[in-house]
Amino acid sequence: MERQPTDAVVTVEGVRIVYRDPNGRPFVAIDEASFTVRPGEKFVIIGPSGCGKTTLLKAIAGFLAPAAGRIVVAGREVHEPGPDRAVVFQDFDQLFPWRTVLGNLVYALRAAKGVPRATAEQRAHHFLKLVGIDAAAHKYPHMLSGGMKQRAAIARALALEPAILLLDEPFGALDAITRSQLQRELNEIWRRTQVTIILVTHSIQEAVYLGHRVLVLTPAPAVIREIVDTAAAEDVESSAFVALSHHLRELLVTPGQAERAAVGAGHATE
Amino acid sequence: MATETTREIALATPTPVAAPRARRGLPTTARRALILLAILLLWQGYVVVSNVPPLLIPSPLAVAQALLQDIASGRIPAATYTTLYSLVVGTLLGTLAGFALASLAVLFRPGQDLLALLSAILNPLPSIAVLPLAMIWFGLNETAIIFVIVQATLWPIAIATDMGFRTISPTLHMVARNLGLRGLRLVVDVLLPAALPHILSGLKAGWAFGWRTVVAAELVFGVAGAAGGLGWYINDSRYFLNTANVFAGLVVISLLGILVDLLFTLIEQQTVVKWGMKHGV
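Owing to the predicted nature of the structure, the values given are computational and were not obtained by experimental measurement.

The rules we used
- Residues numbered from 1 in each chain as written.
- Chains lettered and ligands numbered in written order.
- Predicted model: local features only at pLDDT ≥ 70, side-chain atom pairs only at ≥ 80, totals over all residues.
- Heavy atoms only, no water.
- Helix = DSSP H or I, 4+ residues; strand = E, 2+ residues; numbered from the N terminus.
- Rg over C-alpha atoms; globule rule 2.2 N^0.38 Å.
- Buried < 20%, exposed > 50% of the residue type's maximum accessible area, 1.4 Å probe, protein only.
- Contact = heavy atoms within 4.5 Å.
- Areas by Shrake-Rupley, 256 points an atom, 1.4 Å probe, with all protein chains shown as cover.
- Lys, Arg positive; Asp, Glu negative; His and termini not counted.
- Charge placed at Lys NZ, Arg CZ, Asp CG, Glu CD.
- Buried area = accessible area lost by both parts, 1.4 Å probe.
- Salt bridge = Lys/Arg side-chain N within 4 Å of Asp/Glu carboxyl O.
- Polar contact = N/O pair within 3.5 Å; in protein donor to acceptor, adjacent residues only side chain to side chain.
- Nonpolar A, V, L, I, M, F, W, Y, C, P; charged D, E, K, R; others polar.
- Expected span 1.5 Å × (residues − 1).
- Pairing = 2+ DSSP bridges.
- Phe/Tyr/Trp six-rings, centres within 6.5 Å; stacked < 30°, edge-to-face > 60°.

**Student:** In this structure, what is going on with the overall build of chain A? I would like to understand it.
**Tutor:** When helices and strands are tallied, chain A shows eight helices and ten strands. Taking 270 residues into account, the globule formula puts the C-alpha radius of gyration at 18 Å, and chain A, at 19 Å, falls close to it. Viewed in the frame of its principal axes, chain A has a C-alpha envelope of about 55 × 45 × 40 Å. When burial is assessed residue by residue, chain A has 54% of its 270 residues classed as buried. Of the contacts made within chain A by residues no fewer than 6 positions apart, 67% connect residues no fewer than 24 positions apart. When the accessible surface of chain A is summed, it comes to about 11,700 Å², and 51% of that surface belongs to carbon and sulfur atoms. Looking at charge distribution, chain A has the averaged site of its 29 positive side-chain charges lying 6 Å from that of its 29 negative ones.

Below, the structure is given as structure tokens:
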């Protein structure tokens, strides 16, 4: 139904990802993954811990090559990492410690896109303002709090103006207060930039709050269990939010057998 | 002014466990200067009281006099220049070669094997042992000395740099690849600065080897005559039984060693400490 290239920023088709364990035996992390992400969508991947959420994101980013299937981003098949798929990681050490916050953004723009220095600085300040840390532009990363580091990393990724922003549990290592603050800010940033986002998380609340659609993976070897439409639920106190959270929790904790029975509890599936 | 203060606090907080400085009274430097002065006084007193022949132990005053005389006459500055010139050129070449080997090792599999093999064979070799070979190849000249210094500095630097490249945070490496960096660009823009704490320790170790090697090589070259460095100056002074000048040469070598250590500390303060990659000393 959505096969036109203009309709999907990301197309994942029958992707299978195989790791080798230390003894050289193959281990299937992801199997038969197929889905599309629409322009301007906030697409969330959730699953039990260790199921391969991050693996799937790394494949879209180009760090891992699928053993079968293909991944197309903005009309081009993915074979290697590139700035059109900017990644924000969970670790606080993703900023170059030897550059200031501004320097990190300027360097990324110059290295990845060949933007001239003056333009790069302008654009860097613009995105630092967007995430609310322009005042810390001339500080070195180690002087910043965890939340500010993650804001800087998001600003750096956004400054590249990627086809898609890949967020790998970016708030996972933050305290609860900073975390909910950044969740709200991410929504606000999305509203202003309309950037397409794929977010990996293990938080049901975060998934329902931030996502338009939530892809639920089964435990490893992970297959797609269901793609839940959560666009309607943004107000955490609404009954839709509560119902969707409940539904996701069911999908995540109940064993695979109940899978078919659980489908169709009033939520759209793809 | 306000930023200055915040910065100082940010830098100072991570090291509350630093050694208790100056428990009471004088600051460290003053205390140590006093001890040094006491040692010099004891030395001077011993020479005056014991009547030991100045040929064996000259008084500190005689050493100071010899030092000032030869600084004024230009002998010590010329010898210092010669030694530092070989050392700087040798260390520079050794560093470049070390970086090149470590870069090959991180970019290509065979490069990794090459570095492992060469460093296993050549690193344990005391570099001064290569001097006779260098003399056969290059003759009794500066090139031979520089060659030996390269051999002394290359391996510690190559090994430390390689270690630095290998222990870079996987996240930082992925960020670099995400920006589309690879090859030489990846090495120069990301791997080298990320490995800087390791590289600086490698440079320190390499410099220490090189420093010992250059003085030893110059002692051997005492026979060669003209345009010698500090090692040659010491050996020459010994030949003419100018013991005070032998001491003066040793003082200069020791002072230069201290100065270079200070230089390294300064470089660390301005780079890895400032960037939070290593806590202050």
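**Student:** Please clarify how unusual backbone geometry should be interpreted in this entry.
**Tutor:** What is expected of a backbone is that most residues other than glycine have negative phi and most peptide bonds are trans. Not every positive phi belongs to a glycine, and A:Glu161 is a case in point at roughly 45 degrees. As for its placement among the helices and strands, A:Glu161 is situated in the loop between α4 (146-159) and β7 (164-168).

**Student:** Help me understand the interface of chain B and chain A in this model?
**Tutor:** Interface size is commonly expressed as the accessible surface area that is lost when the partners come together. On the side of chain A, 27 residues touch chain B, which itself brings 23 residues to the contact. Surface buried jointly by chain B and chain A totals about 2,200 Å² across both partners, of which 66% is contributed by carbon and sulfur atoms. Broken down residue by residue, the surface that chain B buries against chain A is led by B:Asn178, B:Leu179 and B:Trp275, which jointly contribute 30%. In this structure, the connection of chain B to chain A is made through one salt bridge. Between A:Glu80 and B:Arg182 there is a salt bridge; the shortest N-O distance is 3.6 Å. Linking chain B with chain A are seven residue pairs in polar contact (both at pLDDT 80 or more), by the criterion used here. With six residues, the top contributor of residues to the side of chain B that touches chain A is helix α8 (residues 170-178) of chain B. Grouping the constituent residues of the side of chain B that touches chain A by class yields twelve nonpolar, five polar and six charged.

**Student:** How should I be thinking about the side chain of B:Glu268 in this particular structure?
**Tutor:** Looking at the element boundaries, B:Glu268 is found in helix α12 (residues 243-273). If sequence neighbours within four positions are ignored, B:Glu268 has contacts with B:Leu200, B:Lys204, B:Val273, B:Lys274 and B:Lys278.

**Student:** Quick question: what am I supposed to make of helix α9 (residues 183-194) of chain B here?
**Tutor:** The terminal C-alpha atoms of α9(B) lie 15 Å apart, and with twelve residues this matches the ideal 16 Å at 1.5 Å per residue to within 8%. Looking at the packing, one finds that the buried side of α9(B) touches α2 (101-113) of chain A together with α4 (75-107), α7 (142-166), α8 and α10 (196-220) of chain B.

**Student:** Would you mind showing me how to read the sheet that holds strand β1 (residues 10-20) of chain A here?
**Tutor:** Strand pairing in a sheet relies on backbone hydrogen bonds, with the paired strands running either antiparallel or parallel. Residue and element names in this part refer to chain A. Ordered by their spatial adjacency, four strands build an open sheet running β2-β1-β4-β5, and the pairing between neighbours is antiparallel. The open sheet is flanked by β2 (26-37) and β5 (76-77), the only strands paired with a single partner. Two strands pair when backbone bridges link them, and strand β4 (residues 68-73) and β5 are joined in this way by two bridges, in the antiparallel orientation. Of the residues in β5, the one forming a bridge with Val72 is Glu77.

**Student:** Would you mind going over the packing of aromatic side chains with me for this structure?
**Tutor:** Aromatic ring pairs are described here by two measures, namely the spacing of the ring centres and the angle between the planes. All names here are of chain A. What the rule picks out here adds up to eleven aromatic pairs over all chains. Ring centres of Phe96 and Tyr107 lie 5.8 Å apart, and the angle between their planes is 85 degrees; this geometry places the pair in the edge-to-face category. Residue Phe96 is found in the loop between β6 (85-88) and α2, and its partner Tyr107 is found in helix α2; the two are separated by eleven residues along the sequence. Neither residue differs from the other here; Phe96 and Tyr107 are each classed as buried. By way of ring pairs, the aromatic residues Phe96, Trp98 and Tyr107 are connected into one cluster.

**Student:** Where do I start with the environment of B:Val52 in this structure?
**Tutor:** All names here are of chain B. As for its position among the elements, Val52 is in the loop between α2 (28-50) and α3 (60-72). The buried category is assigned to Val52, whose relative accessible area is 15%. Between the C-alpha atoms of Val52 and Leu192, which are 140 residues apart in sequence, the distance is 55 Å. Contact partners of Val52, with chain neighbours within four places excluded, come to Tyr46, Val47 and Ile57.

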